[in-house]
Amino acid sequence: MYLVARDHGWRMVLPAMKNLLRVLRAERNWSQAELGMRVGVSRQAINAIETGRYDPGLPLAMKIARVFEKKVDDIFELEEKD
Amino acid sequence: MPQDEKRDPSLRILGLMFGTLAVWAITYVVASRMLHRHTASARFRVTAVIIGVLGFVLWQLATAKLIRMHDEFTRRIHLIALAVAFAATGLFIFTTDLLQRAGFIDFISMRSIWLVMLCTWWLAIMGGEWYYRR
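Please read these numbers as outputs of a predicted model, since none were measured by experiment.

Remarks on the overall build of chain A
Reasoning step 1: When helices and strands are counted, chain A shows five helices and three strands.
Reasoning step 2: Among the 82 residues that make up chain A, the fraction classed as buried is 17%.
Reasoning step 3: Considering only intrachain contacts with a sequence separation of at least 6, the fraction spanning at least 24 residues in chain A is 47%.

Section: the overall build of chain B
Reasoning step 1: Along chain B, the regular secondary structure elements total five helices and zero strands.
Reasoning step 2: Mapped in sequence order, the helices and strands of chain B form the string α-α-α-α-α.
Reasoning step 3: Here the C-alpha atoms of chain B give a radius of gyration of 19 Å, more than 25% beyond the 14 Å that 2.2 N^0.38 yields for 134 residues.
Reasoning step 4: Taken over the C-alpha atoms alone, chain B extends approximately 55 × 40 × 15 Å along its principal axes.
Reasoning step 5: Sorting the 134 residues of chain B into buried and exposed places 10% on the buried side.
Reasoning step 6: Taking all contacts inside chain B whose residues are at least 6 apart in sequence as the whole, residues at least 24 apart take part in 75%.

Some remarks on the interface of chain B and chain A
Reasoning step 1: Counting residues at the interface gives six residues for chain B and 11 residues for chain A.
Reasoning step 2: Of the residues assigned to the side of chain B that touches chain A, the class counts are two nonpolar, one polar and three charged.

A short note on helix 3 (residues 42–68) of chain B
Reasoning step 1: Between its first and last C-alpha, helix 3 of chain B extends 38 Å over 27 residues, near the 39 Å set by a 1.5 Å rise per residue.
Reasoning step 2: Along helix 3 of chain B, the residues classified as buried are B:A48, B:G55, B:W59 and B:A62.

Observations concerning helix 4 (residues 72–101) of chain B
Reasoning step 1: Between its terminal C-alpha atoms helix 4 of chain B stretches 43 Å, which fits the 44 Å expected from 30 residues at 1.5 Å a residue.
Reasoning step 2: Where helix 4 of chain B is concerned, the buried positions are B:F73, B:I77, B:A81 and B:A85.
Reasoning step 3: Against helix 3 (43–50) of chain A together with helix 5 (110–133) of chain B lie the buried residues of helix 4 of chain B.
Reasoning step 4: Just past helix 4 of chain B, the residue B:G103 takes up positive phi, approximately 85°.

Quick notes on the packing of helix 4 of chain B against helix 5 of chain B
All names here are of chain B.
Reasoning step 1: Across the interface, helix 4 lies against helix 5 with an axial gap of 8 Å and an inter-helix angle of 140°. Classified by the interaxial angle, the pair formed by helix 4 and helix 5 is oblique. Crossing hand, helix 4 versus helix 5: right-handed. Listed contacts from helix 5 to I77, H78, I80, A81, L82, V84, A85, A88, T89, F92 and I93 of helix 4 are I113, V116, M117, T120, W121, A124, I125, G128, E129 and Y132.
Reasoning step 2: Looking at side-chain class alone, the contact of helix 4 with helix 5 contains 16 nonpolar, four polar and one charged residues.

Considering the domain arrangement of chain B
Reasoning step 1: Domains assigned within chain B are domain 1 (1–69) and domain 2 (71–134).
Reasoning step 2: Centre-to-centre separation of domain 1 of chain B and domain 2 of chain B, based on C-alpha positions: 22 Å.

Cut-offs used in this document
- Sequence order as written defines the numbering, with residues in each chain counted from 1.
- Whichever chain is written first is A, and whichever ligand is written first is 1; the rest continue in order.
- The predicted nature of this model means local features are confined to residues of pLDDT at least 70 and side-chain atom pairs, given and counted, to a pLDDT of 80 or more, with totals for whole chains, interfaces and linings taken over all residues.
- We count a stretch as a helix when DSSP gives it H or I for four or more residues in a row; a strand needs E for two or more, and each element gets its number in order from the N terminus.
- With C-beta atoms placed from the backbone, a residue is buried if 20 or more other C-beta atoms are within 10 Å of its own, exposed if 12 or fewer are, and partly exposed between those counts.
- Here contacts are defined at the residue level, using C-beta atoms placed from the backbone and a cut-off of 7 Å between them.
- It is over C-alpha atoms that the radius of gyration is taken, and the globule rule equals 2.2 Å times the number of residues to the power 0.38.
- Think of it as three bins: nonpolar holds Ala, Val, Leu, Ile, Met, Phe, Trp, Tyr, Cys and Pro, charged holds Asp, Glu, Lys and Arg, and polar takes everything else, Gly as well.
- To estimate the expected span of a helix, subtract one from its residue number and multiply by 1.5 Å.
- Helix axes are fitted to C-alpha atoms over the stretch in contact, other axes to C-alpha atoms as well, and angles between N-to-C directions run from 0 to 180 degrees.
- Should an angle lie under 35 degrees it is considered roughly parallel, over 145 roughly antiparallel, and from 65 to 115 roughly perpendicular; all remaining angles are considered oblique.
- The hand of a helix crossing depends on one turn: near helix anticlockwise from the far one by less than a right angle means left-handed, and clockwise means right-handed.
- In this document the domain limits rely on a domain assignment from an automatic tool or a database.

Shown next, in the form of structure tokens:
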């Protein structure tokens, strides 16, 4: 949670990441374990990212984008809720 | 290929961790026995302290290496667990200090503080794993 300047003063913003990992993985018929192996993390890490409980760091996000041959922005999206 | 290269590196580090844990236990017992003698020699007592501390430092280094070789997700769980252990230990110290001064409890060993930190660290790792992996 952080403060951002809006039109009339400051607002509390709750950032949340959305991702298309589950969809992209299903398209390629990969299991969570297989994707984890390709990017060098555990199956549990992939599960936590897919369920939105864990937001990956930049190196991992870039590795994920690379294995799907996409840009990070195409997979991860930042949602800011007031 | 040499036998060492065939072994899983995580198993090697785990072995290193348990090995250093055994070294820590041994050095602690040795240091305690040396200090129990109540010798007047300062050099002897300093040596006992150094032996005890060295064993502990070795175990800490092995633990840090074990954590570092995991992926960022597991490292995050450990980081949160350390923060929880830090807060819980602070709470324990603060509470026992007041209870001692109020006359409700007797002297508390410094080792019990370490035990509280170790237990809360472990519990917080379990809690973190449960939260993220459920």
